[in-house]
Amino acid sequence: MPKAASSLFAAAFAVAIAASIPGLAHEDHGHFSAGEPGDPKKPARTVKIRMLEGDKKMVYEPAQIDVRRGEQILFVVQNDGEEDHEFVLATVPENRKHGELMKKFPEMEHADPNATRVLPYANRELLWKVTKRGEFEFACLIPGHYDAGMHGKVIVK
């Protein structure tokens, strides 16, 4: 097979594989339990969250955030650790389900607006409008990180 055709076949195969993996295909079509992507043209409250490692623990600081329904939050997520970490905002059951998928595909990166991967000593921003009352979770779903304590709560009143 010529080199160009081989490359084209490999690319098509990779797309077909990605589309068949839940979480990479993002089959929810924009439905998010914790709200919706924020509007950069509207004001937002900034909430800084640090990701830390040490003593065999991985944590977020703060581990709980209280917000009002309808509030728009600019999460500024700072990774002060030496490993990649994630910030995924969803319900506890959704994060657990996605965490199981991450065990099978640990290098999977998120393209959804409720999630971001942050490299060591870097920061990322995530703009989110909280539209539903309840308790939600932010978590790092890289295998082993959740179990080491890397999860927190967003309580919406």
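Residues numbered from 1 in each chain as written. Predicted model: local features only at pLDDT ≥ 70, side-chain atom pairs only at ≥ 80, totals over all residues. Heavy atoms only, no water.

Undergrad: Help me understand the pattern of salt bridges, please; the structure alone is not making it clear to me.
TA: When the charged atoms of two side chains with opposite charge come close together, those side chains can pair. Within the structure shown, the criterion is met by eight salt bridges. The partner of R117 in a salt bridge is D84, and the shortest N-O contact between them spans 3.8 Å. Taken together, the residues span a long stretch of sequence, with R117 in strand β7 (residues 115-118) and D84 in the loop between β5 (72-79) and β6 (85-90) at a distance of 33 residues. Residue class for R117 comes out buried when judged on its relative accessible area of 10%. A residue is classified by how much of its surface remains accessible, and D84, at 26% relative accessible area, is partly exposed. Here E135 and K153 are joined by a salt bridge, their closest N and O atoms 3.7 Å apart. Remark: K153 occurs in strand β10 (residues 151-156) and E135 occurs in strand β9 (residues 134-139); sequence separation between them is 18 residues. On the accessibility criterion, E135 (47% relative accessible area) is partly exposed. (Salt bridge = Lys/Arg side-chain N within 4 Å of Asp/Glu carboxyl O. Helix = DSSP H or I, 4+ residues; strand = E, 2+ residues; numbered from the N terminus. Buried < 20%, exposed > 50% of the residue type's maximum accessible area, 1.4 Å probe, protein only.)

Undergrad: Can you help me understand the environment of M51 in this one?
TA: With respect to the helices and strands, M51 occurs in strand β2 (residues 45-54). Judged by its relative accessible area of 0%, M51 falls in the buried class. Along the chain, M51 and D84 lie 33 residues apart, while their C-alpha atoms are 9.7 Å from each other.

Undergrad: Honestly, the packing of aromatic side chains in this entry has me stumped. Any pointers?
TA: One pair of aromatic rings is described through two measures. These are the centre distance and the angle between the planes. For the structure shown, the criterion picks out five aromatic pairs. Considering the side-chain rings of Y60 and F87, the 6.2 Å spacing of their centres and the 85° angle between planes classify their relative orientation as edge-to-face. Linking Y60 in strand β3 (residues 57-61) with F87 in strand β6, this pair joins segments that are 27 residues apart in sequence. By relative accessible area, Y60 is classed as buried at 4%. Exposure remark for F87: the relative accessible area of 0% places this residue in the buried category. Among the aromatic residues, those joined into a cluster by ring pairs are Y60, F75, F87 and F138. (Phe/Tyr/Trp six-rings, centres within 6.5 Å; stacked < 30°, edge-to-face > 60°.)

Undergrad: What am I meant to see in the pairing of β10 here?
TA: The side chains of a regular strand alternate, residue by residue, between the two faces of the sheet. Relative to β10, strand β4 (residues 64-67) runs parallel, the two being bridged by four bridges. Within the sheet, the bridge partner assigned to Q64 lies in β10 and is K153. Bridging between β9 and β10 involves six bridges; their strand directions are antiparallel. Bridge pairing links A139 to H151 in β10. (Pairing = 2+ DSSP bridges.)

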